[in-house]
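Chain by chain, the residues run as shown.
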Number of protein chains: 4
Amino acid sequence: MVGDAHEPFSIQSISKLLTLILALCRGGDEIWQSVGKEPSGTPFNFLAQLELESGFPRNPFINAGALVVTDYLLKKLGAVAPVVRDYARALSGSTDIDINRQVAVSEFKHAHKNLAIAHLLSTHGMIHSAPSALVEEYCSQCALEMSCSQLARLFLPLATGGFSRILGETVMTQRIVRRLNALLMTSGVYDSVGSFAYRVGLPAKSGVGGGIVAIAPGKCSIAVWSPGLDRSGNSLVGTLALELFAQRTRLSVLG
Amino acid sequence: MVGDAHEPFSIQSISKLLTLILALCRGGDEIWQSVGKEPSGTPFNFLAQLELESGFPRNPFINAGALVVTDYLLKKLGAVAPVVRDYARALSGSTDIDINRQVAVSEFKHAHKNLAIAHLLSTHGMIHSAPSALVEEYCSQCALEMSCSQLARLFLPLATGGFSRILGETVMTQRIVRRLNALLMTSGVYDSVGSFAYRVGLPAKSGVGGGIVAIAPGKCSIAVWSPGLDRSGNSLVGTLALELFAQRTRLSVLG
Amino acid sequence: MVGDAHEPFSIQSISKLLTLILALCRGGDEIWQSVGKEPSGTPFNFLAQLELESGFPRNPFINAGALVVTDYLLKKLGAVAPVVRDYARALSGSTDIDINRQVAVSEFKHAHKNLAIAHLLSTHGMIHSAPSALVEEYCSQCALEMSCSQLARLFLPLATGGFSRILGETVMTQRIVRRLNALLMTSGVYDSVGSFAYRVGLPAKSGVGGGIVAIAPGKCSIAVWSPGLDRSGNSLVGTLALELFAQRTRLSVLG
Amino acid sequence: MVGDAHEPFSIQSISKLLTLILALCRGGDEIWQSVGKEPSGTPFNFLAQLELESGFPRNPFINAGALVVTDYLLKKLGAVAPVVRDYARALSGSTDIDINRQVAVSEFKHAHKNLAIAHLLSTHGMIHSAPSALVEEYCSQCALEMSCSQLARLFLPLATGGFSRILGETVMTQRIVRRLNALLMTSGVYDSVGSFAYRVGLPAKSGVGGGIVAIAPGKCSIAVWSPGLDRSGNSLVGTLALELFAQRTRLSVLG
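These notes cover the structure that comes with them. Just so you know, the residues in each chain are numbered from 1, in the order the chain's sequence is written. Throughout, the order in which chains and ligands are written sets their labels, letters from A for the former and numbers from 1 for the latter. Since the coordinates come from a predicted model, pLDDT governs what is reported: local features require at least 70, and pairs of side-chain atoms require 80 or more to be given and counted, while whole-chain, interface and lining totals use all residues.

With that out of the way, let us pick up the relation of the copies chain A and chain B. The copies were overlaid by least squares, fitting only the C-alpha atoms of residues that reach a pLDDT of 70 or more in each copy. The two copies are related by a screw motion: chain A maps onto chain B through a turn of 180° and a shift of 0.0 Å along the axis, at an RMSD of 0.0 Å. With respect to symmetry, the two chain copies, as superposed, fit the operation of a two-fold axis. Identified as the residue of chain A closest to the rotation axis by C-alpha distance is Gly41 of chain A, at 2.3 Å. A symmetric contact is evident, with 100% of the interface residues of chain A recurring at the interface of chain B. Two residues qualify as being in contact provided that their C-beta atoms, derived from the backbone, are within 7 Å of each other.

Shown next as C-alpha cells:
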C-alpha cells in the first residue's frame, strides 16, 4: 500500500459491480432478461442507442443497465443502498464503510440525465419502480465511500475463484467470478475498454470518483485512486499506475 | 485434433488478424493514427458510426478498420494478399496454403457494402488507394484458405509470447502479443465480444467462413470450424465447442 | 358544417399552435433562441436527434420544442394552460371551452416520454421549470377540449392576415401569420408534412385526438375531426376529407 | 431582369427537379415505390438515415433520392443527361443550353460520397445500374449550364398549372404541378426548408452552383443566382433577394 490507501472516496460507478454481484448471487441468470452483455461503444449518444434498441440496455455498467439492475434488486430486496453497504462492510471486513448522504442528495438534484434514462426505460416497461425513487436509490449506492484498501479487500474474491479470506468461506461460484471478470473486461471502464485492455490487460471497474479496481485472476485484486479523469471518465493517473504495475509484475491476463 | 482438422476453408475475417500483425510488426504504432482500439458495439448502423466519427474506424476488426489496415499495407508493401499468404505459409509451416481466386472474384462482385465504406473513407481522406482496388485486394486476402490445423499453428506465437516453434525464433515481441490479444478480447468476434468473453473467456478471432481461432496465453492456440453462423456472424457450433473446451480445461483467462 | 361539428374533443398537439402564437405575439423573435424552424424528419429516434443536437429542438411542433415554448411562457406569464384556454375562448367567441382535468391527470401519469425529454432538455439548460411541473402544465394545455366549429373560428385569423372577425380587431401581424403558416406547412403534421403537402397543399396542425385545423390563406380556415389515426398520428379520415375538399375547391396554395 | 441574367452557371441540384418532372410525366406514380416524400431533416448523418431506413431515400431531392430517380430514368430511357438537356432546351426555348463536360468529369473524380451512397443503394437492391455508371450520369446532369433567364422560363409551367407559353401547350397536368410544388415546399432547399418557407414562403429548388428557382403558383417563376452559399448550401444573397422580393410583391403563398 502506498499513498492515501486508507482515505475514503466516493466509489460512484464501482457500486455497479456490487449491485451486479448481488443480482447474480441472489437471482442467478434472471437479470439477463433485462440487460445485455455487450460493450456499448457509443459515448456520443447514450440515449439514442437505448431508444433504438427498445430500452434494452447494452450491459450492466452503462447507467441504463445499472438502473435496471438496481430496479431488479429494489423489487427483490426492498432496498438497495443499505444492502450494498452491508455487503461491502462484510466482504471487506470494515464496519466503518458508509453512504455519504450529502453527496447522495446533491447528486440526485442534478440527476437529469439519469432521470431521462429512467423515464425512457419506463416507457419501454423495463423498470418497475417509479423513475424518481429509482434514481434516488441509485444516487445513494453511488455515494458509498470506501478507501483503496477496503475496495481491494472487498473484491478479492474475484481473484480467488469466489473464496473470501476475510469471511473464510466461498461467497460466489467460480462460474460467477469468471463471468463477472468477462463483463469487466469488455464493459468495465466506460468507452475505453479496448485501450484499457491494450494497456493494462486486466478486468477492472472504474468510477468518476477517481477509483479503479482491477482483478488479476488467481493472483490478486488492486485498487487505485486519483481524482483527475481522462476523456472517458477513468482516473488518468490511476490507469497509468495500473499499466506500469501490470507491465512490471507481468500480471496481464493476455500474455 | 478431431473432425475435419485438415480440411481447408475460407478464413475470411480471420485475415484481419494477419494484416494487423503485419502492420504492427512492420510499422509499429503508426497504424493507430488511422484506426481506433474500441469495440464498435453497433450492429445496426455500421456506416452511421463511421460517418459520425469522421471516417475514423473504431477498431481494426470491423470492415472499415480492416480496409484502413489493408490500405496502409498496400502503401507500405505494394501488395497485401500475397504477403499475407506467404506469412501464413511461413508461420504455419505449410506450403500448400493459397488464395481461392474464384471466391475472391465472386466476393468482389457483391462487395457493395465494402465499396460504400471505402468511398466514405475516401471522402474523409482515410485511405490512399482507389476504393475499387482496395476492396479487390481485401477480397483476395479474405479468400485465403486454411485448415484448422494450419490456423492453430499459424497463431501459436500469440500463446507463446511471440516465439514460433516452427521457425525456431521470436516473430513478434511480447508487447505486441499482449496488445493483439487485448484487441481480440474486446473486438475479435463481431458484436458478441461481451457474451463470447462471458462464455469462453479467451481472446479469439472469427470469420464468416465458420472458423474461429482462440488463444490461451501461455498455454495453446485452438482453431475450430463449423459453417453454421449465429446472429452475429460467429460459428454457432464452433463457439459452443470452445465454451465446453475452455470450461473442462479451465483455460479461461478470467478465473 | 357537417357531422359532429359541435362535439368537443381533446385538441392535444393543436395546443402547440396556440402556445406558439402566444410566444410570438408576446415575446417576438425571442423564442427562436431556444427552438429551431426545421422539420425533424425522424420518427424513429426523437431523443437521439435532441441528444446529438445538444438539446436544441428542431421545431416548436415536436414535443421537445413544444415543451420549450411552454417553459418560455411559464416564465413569462406564470401559467400556460389557463392563458391558452382564455385565448381560445376569446378568439373563438365561445365561453364554454375548458380543460378536461381528468384527461390531463391521466396523461400526466403516463407521460414518461415527455418527462424523459424534459429531463434531457434540463441537462442541456434548455428549460427553466422543473421537468415534472413543466410536463404537468403541458398535459393540461393538451387536454383542452374544443369542437371543430370552435377550432375553425379560433384559427380564422391565420387565413385573414391576422384580423379577427369575432373581436373586430387585428390580433396578430400579417408577418406573424405568414410565418406561422410557413411553420405549419413544413412541420405541422408530424412526420407526414411531405405527403400532406403533396395531397392537401395547405398549412395545417393535427393532434392525436383526431382533429386537424387547416388554413387556406386569404380564404378560410377548416377544422375536421375523426379519431382513427394513420401511422404518423394524423387523423386518417380527416386527412382524406381535407384532400378531397382541397381538390374540389382548388384551395391548395401550391397550384 | 437585373444583373447577370443571361450568364450561364452550373445548375447542379436544380437538375433533380428536372429528372423528377421527367419521372412523373413519363412514369406516373411508379417512382414513389423507390423514394419517399418527406423532408430528411438530417444534415449530420445522411448515410445513417439511408442505412437505418433500408436504403429507401426520404425524398427525390436528397442525393440518394436523386440517384434513384436518375437510375429509374436510365432504365426507362437509356440515357438521362442528354434527355434532361433536350427537355430544358425545349421548355426554355433556348437551343444553346448544354452540359459542361469538364465540370462533369471533374465532379465525377471527387464523387466519393455519391459513390458511397450508390453502393449502399445497391446493397439494398434500390438501383439497377452499376453504381459507377449511375454516378457518372448523375454528374453529367448536374453539370448542365443555364442562365437565370433560361431557368425562369424553363420552370414557368409550375406557375401556370402546367401550360408552357413557349410551346403553346400543356406539358404537365395541374395535379403534377401541385405535387411538384408541394415537394419543393417541404424538401426543395436542403436542410433549410423550414426557415426558407418562414422567410420566403414559396416552393423553390436550389443548387450548390448558387442558383435558386422559386415558383409563385398562378403568378410567375423567378430565378436568382449568386455563388456564395449559406451553411445549408443555398445561395446566401439569392435567398435574401427572394425574401425581399416576396415581401414587397406579397407573393408568399402563406398569407
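All names here are of chain D. By definition, two strands form a pair when at least two bridges between them are found by DSSP. Under the DSSP-based scheme used, a helix requires at least four consecutive residues in state H or I and a strand at least two consecutive residues in state E, with every element numbered from the N terminus. Across the sheet, which stays open at both edges, the 3 strands sit in the order E1-E3-E2 with antiparallel pairing between neighbours. The sheet is open, and its two borders are formed by strand E1 (9–10) and strand E2 (98–99), each paired with just one other strand. Where E2 and strand E3 (residues 144–146) come together, 2 bridges link them in antiparallel fashion. Looking at E3, one finds that Ile99 is bridged to Leu144.

In this section: the arrangement of the chains. For chain B and chain C, which are not in contact, the least C-alpha distance works out to 10 Å. No interface is formed between chain A and chain D, the nearest pair of C-alpha atoms being 10 Å apart.

Here we come to the sheet that holds strand E1 (residues 9–10) of chain C. Adjacent strands of a sheet pair through backbone hydrogen bonds, lying either parallel or antiparallel. Residues and elements named next belong to chain C. Reading across the sheet, the 3 strands line up as E1-E3-E2 and stay open at both edges, with antiparallel pairing between neighbours. A strand with exactly one partner marks an edge of an open sheet, and here the two such strands are E1 and strand E2 (98–99). As defined by bridge partners, E1 adjoins strand E3 (residues 144–146) across 2 bridges and the pair is classed as antiparallel. Within E3, the residue paired with Ser10 across the bridge is Glu145. Helix H4 (residues 81–92) rests against E2 and E3 of the sheet, and its axis sits at about 15° to E3. Angles here are taken between N-to-C directions and fall from 0 to 180 degrees, while the axes themselves are lines fitted to C-alpha atoms, restricted in helices to the stretch in contact.

Let's shift gears to the interface of chain A and chain B. When the parts of a complex come together, some accessible area is lost, and that lost area is often taken as the interface size. Every contact between the two is made by 36 residues of chain A and, on the other side, 36 residues of chain B. Elements with a minimum of two residues in the side of chain A that touches chain B: helix H9 (174–187) and helix H10 (193–199) of chain A. Top element by residues in the side of chain A that touches chain B is H9 of chain A. It accounts for 10 residues. Only Asp, Glu, Lys and Arg are considered charged, only Ala, Val, Leu, Ile, Met, Phe, Trp, Tyr, Cys and Pro nonpolar, and every remaining residue, Gly among them, polar. By residue class, the composition of the side of chain A that touches chain B is 15 nonpolar, 15 polar and 6 charged.

Counting residues at the interface gives 13 residues for chain B, matched by 13 residues for chain D. Where the side of chain B that touches chain D is concerned, the elements lending two or more residues are helix H2 (46–52) and helix H6 (112–123) of chain B. For the side of chain B that touches chain D, the element with the most residues is H6 of chain B, which contributes 8 residues. Residues that form the side of chain B that touches chain D fall into these classes: 6 nonpolar, 5 polar and 2 charged.

All names here are of chain B. With 12 residues, helix H7 (residues 131–142) ought to run about 16 Å at 1.5 Å a step, and its terminal C-alpha atoms sit 16 Å apart, in line with that. Burial of H7 is extensive: 9 of the 12 residues sit out of reach of the surface. Labels follow a simple rule on C-beta atoms placed from the backbone: if 20 or more others lie within 10 Å of a residue's own, it is buried; if 12 or fewer, it is exposed; otherwise it is partly exposed. The complete set of buried residues in H7 reads Pro131, Leu134, Val135, Glu137, Tyr138, Cys139, Ser140, Gln141 and Cys142. In this scheme, a helix's expected span is set at 1.5 Å multiplied by one less than its residue total.

Residues and elements named next belong to chain A. Two elements in contact, helix H3 (residues 63–77) and helix H6 (residues 112–123), have axes whose closest approach is 10 Å; the angle formed by their N-to-C orientations is 65°. The crossing of H3 and H6 is right-handed. Packed against H3, whose contacting residues are Asn63, Ala64, Leu67 and Val68, the element H6 presents Asn114, Ile117, Ala118 and Leu121 at the interface. For the contact of H3 with H6, the class distribution of residues is 6 nonpolar, 2 polar and no charged. Whether a crossing is left-handed or right-handed is set by the direction in which the near helix is turned from the far one by less than a right angle, anticlockwise for left-handed and clockwise for right-handed.

Glancing now at the pairing of strand E7 (residues 211–216) of chain A. All names here are of chain A. Of all 6 residues making up E7, 6 are buried, and the element is well covered by its neighbours. Residues Gly211, Val213 and Ile215 point to one face of E7 and Ile212, Ala214 and Ala216 to the other, with burial holding for every one of them. Judged from the 3 bridges that link them, strand E6 (residues 204–206) and E7 form a sheet pairing that is antiparallel. The partner of Ala204 across the bridge, within E7, is Ala214. Linking two consecutive strands that pair antiparallel, namely E6 and E7, is a turn of 4 residues; a positive phi of about 100° is found at Gly210 within it. As paired strands, E7 and strand E8 (residues 220–225) are joined by 6 bridges and run antiparallel to one another. Residue Ala216 lies in a different strand from E8, and its bridge partner there is Cys220. Taking the residues between adjacent antiparallel strands as the criterion, E7 and E8 are bridged by 3 residues, where Gly218 takes a positive phi near 80°.

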